[in-house]
Amino acid sequence: MAALIVATLSIVAAVSGLNHGWTIQDMMFVDYRSPLLLNDTQAKFAANNYAIISLEKCTGQEDGYMTEDAIFKTAQQLKSFNSSVKVLMYWSLNMQATVQCYQAGQDLTANHSDYFLRDDYGNLVPNTGRDHTLDYTRQDVRDWWVNVPLALKARGAPIDGVLADGTGSGALRYANISLARRQALVQGSYNLTAELMHRWPDGLILGNGIAMYPQFPDHFMPSTHYVNGVMTEHFAAFESRDSKTGQLNITRVKLEMDLIAQVAADPNKTVVVDTWPGPMVAPFNWAKDITTPTTNEAIAQAMLKYFPVSLAAYLTLAEANIYFQYIWWYPIRFGAIPCPDNPSACAAPTDWYNTTRRVGAPLGKATLSDDGTVYTRQFEHATSVWNMMDELKSSVEFH
């Protein structure tokens, strides 16, 4: 079965790769959750400043919308301002807020409680949140998951794919389940995304794939063969930093760069590199020895201060099929869209990042300093310098 799916995948992926232009704006990706529907000013800004937009779980909840309906409405709104922007539906394999926020999740608990995974003793298996996970070894369960985004698309929602969160081999760590069952669960999750790709041949199935946590020695790389898009969520952040000092683990970051390059070497795959402002080691938190900004104004200042660092880090490995995210965290007020009429109401810089600047195509690969800590790369209209030891000495100079 796995061999058949991989063969199918290679055919499907050949028509699904995305390539960006070489302004910063062309490269930008964002994944955010907005509890309220966007007003037209917000939607116009998002549609014209990002190439790909992923709409998160619980979008529109405070306006009384289930997630599917909010995504439908928001995708229409975004496309009305820019028909070329790509819009993805966030859809989690590990049931993040599925029951609370999605109509499909409520139908699931009401009508398909047998779909939930049980351990070898008959107990429900929790995911990382309040809900339980699903048994993806079953074809009917995989069909249910695949059919949710396809049904939204069939209703006419102008969505271009799915951000599939939770891809990888995390099921290997479930307690009270035999190794054989855990391995089958991992393969079932791989089959799941491959089946969605097979049924949506022109859709982007973006798996939240590459992870650098030591407890996952495969770095979730096997999952990248079953999707046509791969996100690395914590590039040069979180598990790749010392939790006390914030210093980069350079060896680990270089390994992550190698893994990204392996995936991006297939020009028909789309890759998203998520970067984070400053020495981020956990959501909303810098390293212990460094004071974390907490007010909207201070966060916005930090985002402006560290933007050249993250941009230089991204440009070190940028290719036409690799995109760039830069936010503080996923709620919309943390960096996705500015609020110039009331700047203190959100943590996004009012003075945006001048993303219309043209970087131009790369003139070659990045070069590395003799001590192995500074990358320099030349582009048609810019030079990037990423200093991994003294990060605020990083820069992107335009010419």
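See the structure printed just above.
Within each chain, residue numbers correspond to sequence positions counted from 1 in written order. Note on the predicted model: pLDDT of at least 70 is required for a residue's local features to be given, and 80 or more for side-chain atom pairs to be given and counted; whole-chain, interface and lining totals, by contrast, use all residues. Side-chain measures were taken over the full set of non-hydrogen atoms in the model, leaving aside hydrogen atoms and water.

Q: For the overall build of the protein chain, give the residues involved together with the corresponding values.
A: In this text, helices come from DSSP runs of H or I with a minimum length of four residues, and strands from runs of E with a minimum of two, each type numbered from the N-terminal end. Within the protein chain, the regular secondary structure consists of 10 helices and 14 strands. Computation of the radius of gyration draws on C-alpha atoms alone. For the globule rule, the value is 2.2 Å times the number of residues to the power 0.38. Radius of gyration (C-alpha) of the protein chain: 21 Å, near the 21 Å computed for a compact globule of 399 residues. For the protein chain, the C-alpha atoms occupy an extent of roughly 60 × 45 × 45 Å along the three principal directions. When accessible area is computed with a 1.4 Å probe and restricted to protein chains, residues below 20% of their type maximum are described as buried, those above 50% as exposed, and intermediate ones as partly exposed. Looking at the protein chain as a whole, 58% of its 399 residues qualify as buried.

Q: Explain the pairing of strand E2 (residues 52–55) residue by residue, including any values.
A: A two-sided burial pattern is seen for E2, the buried positions comprising Ile-52 and Ser-54 on one face and Ile-53 and Leu-55 on the other. Strands qualify as paired when DSSP identifies two bridges or more between them. Bridging between strand E1 (residues 29–32) and E2 involves four bridges; their strand directions are parallel. Its bridge partner lying in E2, Val-30 is registered against Ile-53. Place the viewer so that the strands point away; then a crossover is right-handed whenever the path from the first strand over the helix to the second strand goes clockwise. The β-α-β motif built from E1, the intervening helix H3 (residues 40–49) and the parallel element E2 has right-handed crossover chirality. In this sheet, strand E3 (residues 86–92) lies alongside E2 in parallel orientation, the contact comprising four bridges. When the bridges of E3 are listed, Ile-52 appears paired with Lys-86.

Q: Hey, could you go over the pattern of salt bridges for me, with residue numbers and the actual values?
A: By salt bridge we mean one thing: a side-chain nitrogen of Lys or Arg within 4 Å of a carboxyl oxygen of Asp or Glu. In this structure the tally under the stated criterion is 12 salt bridges. Asp-120 is paired through a salt bridge with Arg-181; the nearest N and O atoms lie 2.6 Å apart. Of the two residues, Asp-120 is situated in the loop between helix H6 (103–111) and helix H7 (139–154) and Arg-181 in helix H8 (residues 179–199); the sequence distance between them amounts to 61 residues. What makes Asp-120 partly exposed here is its relative accessible area of 41%. Overall, the relative accessible area of 29% leaves Arg-181 in the partly exposed class. Glu-319 is the partner of Lys-365 in a salt bridge, and the nearest nitrogen-oxygen pair spans 2.8 Å. Of this pair, Lys-365 sits in the loop between strand E10 (322–326) and strand E11 (367–368) while Glu-319 sits in the loop between helix H10 (296–317) and E10, and the two are 46 residues apart along the sequence. With relative accessibility at 24%, the residue Glu-319 sits in the partly exposed group.

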